Amino acid sequence: MKKKLLPPRHIAIVMDGNGRWAKEHGLPRIKGHEQGAHSVEESIAACLEAGVEFLTLYAFSSENWKRPQLEVQGLMLLLEHYLHHKIEEMNRHEIRFQAIGRLSELSSNIQEQLEKVRRATAHHCKLTLTLALNYGARHEMIDALRAIVGKVIQGALTPEEITEEVFSQHLYTAHMPDPDLLVRTSGEHRLSNFLLWQLSYAEFYIVKKYWPDFKKNDLLEAIEAYQQRERRFGEVR
Ligand code: FPP
């Protein structure tokens, strides 16, 4: 009998389709994002139930600044509201919170809130919730490269010492395992500049539903489907 995989340790999600969901419901795009914030809660609940240790969500890409100003402002307000209201719940469920991306380019208010929630939850280890904000994988790799080159120039690192592990440790995701499972909603088959290095061996699960319709059971189904897969990491097994 085929051996079932353990649940994924780390799930990464591209939360796509908020805009289309809103359009189909005759609502402004921001209502789709608001509804999408509920799906974040649903996914957290699924991870807690299934024993997933890391959940990383693509909440705002470095390209998302090109959206209409009103939508960007709405997303930032939604984020502020979320951070303001979730500390207690995160503490109750032993969730550690952090954000990755070029955070210094976010408003000082949001930076302060992110840091506040990060510090308030840093002692937890049941589930690490990571929001990718002003995140772009190419930026992340350039930032890692700059840090590494800086160390080489200082003499702290030789070019021969630059291994995959060393590179990984200079990414925003240092100290996290690579995602085992990538979920993308709304049926698109794209990575959209998300965790390009870290997703090298991830299993992909694409679902047609728009993100606001993606509920706890949908993520549990994705986890179940992942557990039926056979991961070979390039080997013959
Ligand atoms: C993609 O859908 C979604 C985003 C760019 C934003 C994701 C944000 C949320 C789910 C809500 C905020 C999250 C938190 C944690 C408060 P889209 O707008 O590109 O959809 P479309 O492709 O149908 O237009």
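These numbers were taken from a predicted model, which means no experiment stands behind them.

Draft legend 1. Examining the sheet that holds strand S2 (residues 54-61) more closely. Overall, parallel pairing links the 6 strands, which are arranged S3-S4-S2-S1-S5-S6 in an open sheet. In the strand order of this sheet, the two ends are held by strand S3 (95-100) and strand S6 (203-206), each with one partner. Neighbour to neighbour, the strand axes of the sheet diverge by 20° on average, direction disregarded. Note: S2 against strand S4 (residues 127-135), 7 bridges, orientation parallel. Looking across to S4, one finds that serine 61 is bridged to tyrosine 135. Packed onto the sheet, helix H3 (residues 69-92) meets S2, S3 and S4 and runs at close to 165° relative to S4.

Draft legend 2. Quick look at H3. Here H3 is 24 residues long and its end C-alpha atoms lie 35 Å apart, about the 34 Å a rise of 1.5 Å per residue gives. Within the span of H3, buried status applies to Glu71, Val72, Gly74, Leu75, Met76, Leu79, Tyr82, Leu83, Lys86, Ile87 and Met90. Looking at the buried positions of H3, the neighbouring elements they touch are helix H2 (29-50), S2, S3, helix H4 (108-121) and S4. Looking one or two residues past H3, glutamate 94 carries a phi angle of roughly 60°, positive in sign.

Conventions and cut-offs
Residues numbered from 1 in each chain as written. Predicted model: local features only at pLDDT ≥ 70, side-chain atom pairs only at ≥ 80, totals over all residues. Heavy atoms only, no water. Pairing = 2+ DSSP bridges. Helix = DSSP H or I, 4+ residues; strand = E, 2+ residues; numbered from the N terminus. Axes fitted to C-alpha atoms, helices over the stretch in contact; angles between N-to-C directions. Contact = heavy atoms within 4.5 Å. Expected span 1.5 Å × (residues − 1). Buried < 20%, exposed > 50% of the residue type's maximum accessible area, 1.4 Å probe, protein only.

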